[in-house]
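Here are the chains, one letter per residue:
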Amino acid sequence: MSNLRLGDKAPNFQAATSEGPIDFYEYLGDSWGILFSHPADYTPVCTTELGTVAKYKDAFQKRNTKVLALSVDGTESHKGWIRDINETQNTEVNFPIIADEDRKVSDMYGMIHPNADDTLTVRSVFVIAPDKTIKLMITYPASTGRNFDELLRVIDSLQLTAYKKVATPANWKQGEEVVISPSVSNEEAKTLFPKGFKEVKPYLRLTPQP
Ligand code: BEZ
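Since the structure is predicted, the reported quantities are computational estimates derived from the model, not experimental observations.

Caption draft 1: Seen up close, the pairing of strand β4 (residues 65-71). Buried residues dominate β4, accounting for 6 of its 7 residues. Two elements, β4 and strand β5 (residues 97-99), share 3 bridges in a ladder whose sense is parallel. Residue pairing for β5: alanine 69 is matched across the bridge by isoleucine 97.

Below is the structure:
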C-alpha cells in the first residue's frame with residue numbers, strides 16, 4: 001500500500017539493479033528523475049518501451065533527467081532481456097533496471113494494483129524534481145505502452161513552470177504560448193513578461209514562452 005501524492009517527498013531506497021546496487025537519491029544526484037515500472041521482462045510491449053527510453057538518451061540528458069526502470073524480475077533475467085532489447089530494438093539500454101524481487105520498491109511506490117494483477121507491477125511513472133518531490137504520477141495498464149514523447153513534454157512543462165510564473169495549456173509543446181499564473185497581477189505581468197500578453201479573459205492571459 002502506498003499513499004504517495006504529488007508534492008510528497010519521493011522515498012529513498014537501496015536496490016539491486018542490472019548495473020549493480022544503487023541508492024536512489026545518490027543515483028539521481030541533482031538531476032530530475034523518472035522512475036517507471038513495467039510488468040515483466042521478456043514481454044513484447046515492455047521490450048518496445050525500454051528500447052524507446054534507451055533511444056531517448058539525448059533527450060533526457062538535455063533535460064538533465066535520469067531514468068530508472070523497475071520490474072519484479074531478478075538481475076540475471078534483466079541482463080538477458082537487455083541483450084534482446086538491444087538486438088530487437090536496435091539500441092543499447094543505457095540505464096539501470098531495478099530487480100525488485102521482494103517488491104520493496106513496488107510496494108513503497110504503489111506500483112502493484114492487485115485488482116489489475118496481484119503479482120506484477122503496472123506501468124507506473126513518477127517524475128521527481130531535484131529537491132526529490134514527486135511532480136507527476138501516471139499509471140498505464142499492462143496492455144498499453146507509454147507515450148514517451150508525452151513524458152518529455154510534461155518534463156518541459158514542469159521545468160518551465162518551476163522557474164517562471166506560468167502554466168502550460170492543453171496540448172502545449174515547447175516554444176508555444178503559455179498562460180500567466182492567476183496569482184500574477186496585470187501590473188506584475190508587464191514586468192515579468194516584457195514580450196507582452198493577451199488578456200482573453202481576466203483569468204486567461206497568454207504570453208509567448210518566456
Ligand atoms: C507486455 O509488455 O507486452 C505485457 C506485459 C504484461 C502483460 C501484458 C503485456
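Caption draft 2: Local environment of the site of the ligand. Near the ligand the following residues occur: Pro39, Thr43, Pro44, Val45, Cys46, Arg123 and Ala142. At a separation of 2.8 Å, an oxygen atom of the ligand approaches a polar backbone atom of cysteine 46. Arginine 123 places a side-chain nitrogen or oxygen 3.0 Å from an oxygen atom of the ligand. When the free accessible area of the ligand is taken as 260 Å², the share hidden by the protein chains comes to 73%. With 3 residues, helix α2 (residues 44-55) is the largest single contributor of residues to the shell around the ligand. In the shell around the ligand, the residues fall into 5 nonpolar, 1 polar and 1 charged.

Caption draft 3: Seen up close, α2. Over its 12 residues, α2 extends 17 Å from the first C-alpha to the last, a length consistent with the 16 Å expected when each residue adds 1.5 Å. Three or more residues of α2 are buried, namely Cys46, Thr47, Glu49, Leu50, Gly51, Val53 and Ala54.

Caption draft 4: Local environment of a nonpolar patch on the surface. Taken together, the side chains of Val200, Tyr203 and Leu204 define a hydrophobic patch exposed on the protein surface, amounting to about 320 Å² of accessible area. Structurally, leucine 204 can be placed in strand β11 (residues 204-207).

Caption draft 5: The arrangement of the sheet that holds strand β3 (residues 32-37) in detail. Strands sit in the order β5-β4-β3-β6-β7 across an open sheet of 5 strands; the sheet is mixed. Two strands close off the open sheet at either side, each with one partner strand: β5 and β7 (134-140). Averaged over all neighbouring strand pairs, the angle between strand axes comes to 20°, with direction disregarded. Alignment of β3 against strand β6 (residues 123-128), held across 4 bridges, turns out to be antiparallel. In the strand pairing of β6, glycine 33 is matched with isoleucine 128. The sheet strands contacting helix α6 (residues 148-163) are β3, β4, β6 and β7, and the helix crosses β3 at an angle near 145°.

Caption draft 6: Up close: unusual backbone geometry. The phi dihedral of arginine 103 falls on the positive side, at around 60°, and the residue is not glycine. Mapped onto the elements, arginine 103 comes out in the loop between β5 and α5 (104-108). In this structure arginine 103 comes out as partly exposed when scored by relative accessible area, which is 29%. The phi dihedral of asparagine 171 is positive, around 60°, even though this residue is not glycine. Within the element layout of this structure, asparagine 171 appears in the loop between β8 (166-167) and β9 (178-180). Under the relative-accessibility criterion, asparagine 171 is labelled exposed at 65%.

Basis of the calculations
- Residues numbered from 1 in each chain as written.
- Predicted model: local features only at pLDDT ≥ 70, side-chain atom pairs only at ≥ 80, totals over all residues.
- Heavy atoms only, no water.
- Buried < 20%, exposed > 50% of the residue type's maximum accessible area, 1.4 Å probe, protein only.
- Helix = DSSP H or I, 4+ residues; strand = E, 2+ residues; numbered from the N terminus.
- Pairing = 2+ DSSP bridges.
- Near = heavy atom within 4 Å.
- Polar contact = N/O pair within 3.5 Å; in protein donor to acceptor, adjacent residues only side chain to side chain.
- Areas by Shrake-Rupley, 256 points an atom, 1.4 Å probe, with all protein chains shown as cover.
- Nonpolar A, V, L, I, M, F, W, Y, C, P; charged D, E, K, R; others polar.
- Expected span 1.5 Å × (residues − 1).
- Patch = residues over 30% accessible without salt bridge, like charges linked within 9 Å, V, L, I, M, F, W, Y side chains within 5 Å.
- Salt bridge = Lys/Arg side-chain N within 4 Å of Asp/Glu carboxyl O.
- Axes fitted to C-alpha atoms, helices over the stretch in contact; angles between N-to-C directions.
- Contact = heavy atoms within 4.5 Å.

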